[in-house]
Structures are given as C-alpha cells and as structure tokens.
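Chain and residue survey
Residue-level listing of the chains:
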Amino acid sequence: EESNSSASEFVDSLHGELLSIGETRVYFAESGPLGPARQGQRLHFQRLFSGEYGTDYVLDQRTMAHSHSQMGIEPGWLLGLYARYVDYLAEVAGRAFKDDPGAALKIVRAGVKLAFLDAHKEIDELMRVLLERHKALLEAQELINGRNRELARLNDARDRFLSAVSHELKTPLTSLLVFADVL
C-alpha cells in the first residue's frame, strides 16, 4: 500500500513538473490525454518501489524509454529526472524507516542502482532511435545521390540532343539564309 501511495504521489509530482516544461507540455497536448502516460508511469514506479524487477519491469522500462525518445527528451534532462527520483526515494525511505536509517540507506542504494539501470536502458533506446534515424538519413542521401546521377545523365542526353538538332538545323538554315540573301 505504501508503494502504491508513494508511486502515485511521485507520478503526480512528476507530471506537474512535466507540464511546466514547454516541450513535454506540447507533446502531451499533441499526443492526446495524459492519463495513459500517467498510468504507465504509476505502474512502473509501483514496481520500482515494491522491489519487483523482473521481465515486466524491464519491458516497462523499455516502453517508457521508447516513449521518451519519441518525445525527443534529451538525455541530460532524463538524468536530472533520475536525480529527482533518487531524491524522492530518499524522502520516502526516510519517512518509512525513520527509526532505522540503515534500512532507509539500503533502499536508497538499491534505488540508485535501479536509476542507473533505467538510465542505461534510456540511453540504449536513444542510441537505437538515433541509429535508426541515421540509417534512414543515409538511405535518403543515397536515394538523392541516385536521382542526382540520373538527372546528370538526362541533362547530358539533352545537351547531346540539342547539339545534334542544332547542327542538323544549322546547315539547312544557313543554306536558306544564303539563298534568301541572293534573292
């Protein structure tokens, strides 16, 4: 129950901060309701606070990392968010274990490890997206280069055609001009 309450409190606080930032406010305004994102993050943090770090947690984190990369959130901003998460976790652990600082410290240490794991997943996803974009740009560049080569070939053919037509027309026209001058 404490993990559900803490997760909800943290996500509500986080979304207040997200909506105060222009880029994320615009993203959420364009992508629809904030509810699904809030619910997904609430589930993620419930798992985080409850100590469940299995396959579902990793898949959750990957989905969130993908969403963050789609939003165009910069890595530095995300690292600041993880620092905020660790600060919040320290507050929650301090309240929950005020009589046992050693237990609170263990929880915060575990949270720091998870923040590093999450940040690693975020950076991996960002790198994957950047590599995909780079590959798409290289493919587009190759397409443009191919079309430029085709245009150069067509331009050459046009120049040869105009040169040939010009030569073929010039000879009879010159004769006609000479004949016209004679008349």
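Basis of the calculations
Residues numbered from 1 in each chain as written. Predicted model: local features only at pLDDT ≥ 70, side-chain atom pairs only at ≥ 80, totals over all residues. Heavy atoms only, no water. Salt bridge = Lys/Arg side-chain N within 4 Å of Asp/Glu carboxyl O. Helix = DSSP H or I, 4+ residues; strand = E, 2+ residues; numbered from the N terminus. Buried < 20%, exposed > 50% of the residue type's maximum accessible area, 1.4 Å probe, protein only. Expected span 1.5 Å × (residues − 1). Axes fitted to C-alpha atoms, helices over the stretch in contact; angles between N-to-C directions. Parallel < 35°, antiparallel > 145°, perpendicular 65-115°, else oblique. Left-handed = near helix turned anticlockwise from the far one by under 90°. Contact = heavy atoms within 4.5 Å. Nonpolar A, V, L, I, M, F, W, Y, C, P; charged D, E, K, R; others polar. Core = buried A, V, L, I, M, F, W, Y, C linked by side-chain atoms within 4.5 Å.

**Structural notes on the pattern of salt bridges**
Summed over all chains, the structure comprises 5 salt bridges. Put simply, Glu125 and Arg128 hold a salt bridge, and the shortest N to O gap is 2.6 Å. A residue pair is termed a helical-turn pair when its members lie 3 or 4 positions apart in one helix, as Glu125 and Arg128 do in helix α6 (residues 101-182) at 3 residues. Judged by relative accessible area, Glu125 falls into the buried class, the value being 5%. For Arg128, a relative accessible area of 28% gives the class partly exposed. Note that Glu142 and Arg149 form a salt bridge whose closest N and O atoms lie 3.1 Å from each other.

**Points about helix α5 (residues 75-96)**
Working note: α-helix, 3.6 residues per turn, so residues spaced by three or four point in the same direction. Given a rise of 1.5 Å per residue, 22 residues ought to cover 32 Å, and the 31 Å separating the end C-alpha atoms of α5 matches this to within 8%. Those residues of α5 lying buried are Leu78, Leu81, Tyr82, Tyr85, Val86, Tyr88, Leu89, Val92 and Ala93.

**Digging into the environment of Gln39**
With respect to the helices and strands, Gln39 occurs in helix α3 (residues 35-50). Overall, the relative accessible area of 40% leaves Gln39 in the partly exposed class. Residues Gln39 and Ser8 lie 31 residues apart in sequence; the distance between their C-alpha atoms is 9.1 Å.

**As for the packing of helix α4 (residues 55-71) against α6**
Contact geometry for α4 and α6: axes closest at 9 Å, N-to-C directions at 50 degrees. Relative to α6, the element α4 is oriented oblique. As for how α4 packs across α6, the hand of that crossing is right-handed. Of the residues in α6, those in contact with Tyr57, Val58, Gln61, Arg62, Met64, Ala65, His66, His68 and Ser69 of α4 are Leu114, Leu117, Asp118, Lys121, Glu122, Glu125, Arg128, Val129 and Arg133. Grouping the amino acids of the contact of α4 with α6 by side-chain chemistry returns 7 nonpolar, 4 polar and 7 charged.

**Section: the nonpolar core**
Membership of the largest hydrophobic core comes to 21 residues, with the highest contact counts inside it found for Phe10, Leu14, Phe45, Leu48 and Tyr85. Counting residues per element, the ones that place at least two in this core are α1 (2-18), α3, α4, α5 and α6. If you tally residues by element for this core, the top one is α5, at 8 residues. When near neighbours in sequence (up to four residues on either side) are disregarded, Leu14 contacts Gln41, Phe45 and Leu81.

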